[in-house]
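# Chains, contacts and geometry: an overview
Listed below are the residues making up each chain.
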Amino acid sequence: MKRNVIILYENLSPKIKKALESHYPYGYEDETIKYQNLSTGKSYKGLVFNYEDTTYLIKFKLEEENGFNTEDDDLNEINNLNTEL
């Protein structure tokens, strides 16, 4: 029976990180999902990864500034234009 584990990327063991890099040699950005923890209000990106007898939901923290996701390239471009004016 497979175990299910929810874990932050920072807390993964080096062995699992290496397996993740081997499985996704070109990156896994297209495989992630975005979700919000309803009890804390924090947003995360997640990746489901099966390794040996365990299914991992790997959480990646999203840095937020002023309530906006700083990973949004369009928003960053608008902010850069505003500071140049």
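That block above? That's the structure.
The text that follows walks through the structure, step by step, so that each part is easy to find. Worth saying up front: this structure is predicted, and the values here are computed from it rather than measured.

Below, the discussion takes up the overall build of the protein chain. Helices and strands together make up the secondary structure of the protein chain, namely 2 helices and 6 strands. The order of α-helices and β-strands along the protein chain, N terminus first, is β-α-β-β-β-β-β-α. Counting only contacts in the protein chain whose residues sit at least 6 apart along the sequence, the fraction spanning at least 24 positions is 42%. Carbon and sulfur atoms make up 49% of the accessible area of the protein chain, which totals about 6,700 Å².

Moving on to the packing of aromatic side chains. If you walk through the whole model with that rule in mind, you get 6 aromatic pairs. A ring pair is formed by Tyr 9 and Phe 60, whose centres lie 5.4 Å apart and whose planes are at 25°; its orientation type is stacked. With Tyr 9 in the loop between strand 1 (3-8) and helix 1 (14-23) and Phe 60 in strand 4 (residues 54-61), the pair connects residues that are 51 residues apart, well separated along the chain. Assessed through its relative accessible area of 15%, Phe 60 is described here as buried. Above the ring of Tyr 9, the side-chain terminus of Lys 17 is found at 4.8 Å from the ring centroid. Over the face of the ring belonging to Tyr 44 we find Lys 59, whose NZ or CZ atom lies 4.6 Å from the ring centre.

Attention now goes to the sheet that holds strand 4. The strand order across the open sheet formed by 4 strands is 1-4-3-2, and the pairing between neighbours is mixed. Strands with a single pairing partner mark the edges of an open sheet, and in this sheet they are strand 1 and strand 2 (33-36). Pairwise comparison of adjacent strand axes, ignoring direction, gives a mean angle of 30° for this sheet. With 6 bridges connecting them, strand 1 and strand 4 associate as parallel partners. Among the inter-strand pairings, Asn 4 is bridged to a residue of strand 4, identified as Thr 55.

Looking now at the nonpolar core. Within soluble globular proteins, side chains that are nonpolar generally end up buried alongside one another. Among the nonpolar cores identified, the biggest contains 12 residues, and these are Ile 7, Leu 12, Ile 16, Ala 19, Leu 20, Tyr 24, Leu 47, Phe 49, Tyr 51, Tyr 56, Ile 58 and Phe 60. Secondary-structure elements contributing two or more residues to this core are helix 1, strand 3 (43-51) and strand 4. When residues no more than four places from it in sequence are discounted, the contact partners of Ile 16 are Phe 49, Tyr 51 and Tyr 56.

What follows is about the pairing of strand 2. Pairing of strand 2 with strand 3 involves 4 bridges; the strand directions are antiparallel. When the bridges of strand 3 are listed, Lys 34 appears paired with Lys 45. Following strand 2, the chain reverses through 6 residues before pairing antiparallel with strand 3; Gly 41 in that reversal takes a positive phi of roughly 80°.

Attention now goes to unusual backbone geometry. The phi angle at Glu 52 is positive, at roughly 50°, despite the residue not being glycine. As for its position among the elements, Glu 52 is in the loop between strand 3 and strand 4. We classify Glu 52 as exposed; its relative accessible area is 57%.

Cut-offs used in this document
- Residues numbered from 1 in each chain as written.
- Predicted model: local features only at pLDDT ≥ 70, side-chain atom pairs only at ≥ 80, totals over all residues.
- Heavy atoms only, no water.
- Helix = DSSP H or I, 4+ residues; strand = E, 2+ residues; numbered from the N terminus.
- Contact = heavy atoms within 4.5 Å.
- Areas by Shrake-Rupley, 256 points an atom, 1.4 Å probe, with all protein chains shown as cover.
- Phe/Tyr/Trp six-rings, centres within 6.5 Å; stacked < 30°, edge-to-face > 60°.
- Buried < 20%, exposed > 50% of the residue type's maximum accessible area, 1.4 Å probe, protein only.
- Lys NZ or Arg CZ within 6 Å of the ring centre and 35° of its normal.
- Pairing = 2+ DSSP bridges.
- Axes fitted to C-alpha atoms, helices over the stretch in contact; angles between N-to-C directions.
- Core = buried A, V, L, I, M, F, W, Y, C linked by side-chain atoms within 4.5 Å.

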